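# Per-entry structural report
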Amino acid sequence: TYNLAIIKNRTRFVKYCQSKKIYIHLNYRGLHESKILKFNRKNFPNSSFVSKNLVRLPSGPGYTESEIKKIIKILNNY
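Note that the structure is a prediction, hence the values are computed from the model and not measured.

Here we take up the pairing of strand β2 (residues 54-57). Of the two faces of β2, the one lined by Leu-54 and Arg-56 and the one lined by Val-55 and Leu-57 are each fully buried. Of the strand pairs in this sheet, strand β1 (residues 3-6) and β2 are connected by 4 bridges, and their pairing is antiparallel. Residue pairing across strands places Leu-4 opposite Arg-56, the latter belonging to β2.

Our focus in this paragraph is the side chain of Arg-56. Residue placement: Arg-56 occurs in strand β2. One buried charged side chain, Arg-56, makes no salt bridge at all; its nearest oppositely charged neighbour is Glu-67, positioned 15 Å away. When sequence neighbours within four positions are dropped, the list of residues in contact with Arg-56 reads Tyr-2, Asn-3, Leu-4, Ile-24, His-25 and Tyr-28.

This brings us to the environment of Tyr-63. Tracing the sequence through the fold places Tyr-63 in the loop between β2 and α3 (65-76). Given a relative accessible area of 32%, Tyr-63 falls into the partly exposed group. Along the primary structure Tyr-63 and Asn-3 are separated by 60 residues, whereas in three dimensions their C-alpha atoms are 13 Å apart. Contacts of Tyr-63, omitting those with residues within four sequence positions, involve Pro-58, Ile-68 and Ile-71.

What counts and what doesn't
- Residues numbered from 1 in each chain as written.
- Predicted model: local features only at pLDDT ≥ 70, side-chain atom pairs only at ≥ 80, totals over all residues.
- Heavy atoms only, no water.
- Buried < 20%, exposed > 50% of the residue type's maximum accessible area, 1.4 Å probe, protein only.
- Helix = DSSP H or I, 4+ residues; strand = E, 2+ residues; numbered from the N terminus.
- Pairing = 2+ DSSP bridges.
- Lys, Arg positive; Asp, Glu negative; His and termini not counted.
- Salt bridge = Lys/Arg side-chain N within 4 Å of Asp/Glu carboxyl O.
- Contact = heavy atoms within 4.5 Å.

Written as structure tokens, this is what we have:
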């Protein structure tokens, strides 16, 4: 399961997470931003919004329950 969040100021959020040693994923990109496909970038405002504001929070079987609780507490303080 991936926990996704839309962040208003992703740059500030990333800096906060890095300062707390929380690693998030920013690898979401709309198809119109792909170098393989040729699209007019202005025609996909929703996709552009997601590409610029969506993050994947730490999750999955690699984390213990106590680690997830610690991460949640830190993120709630943001």
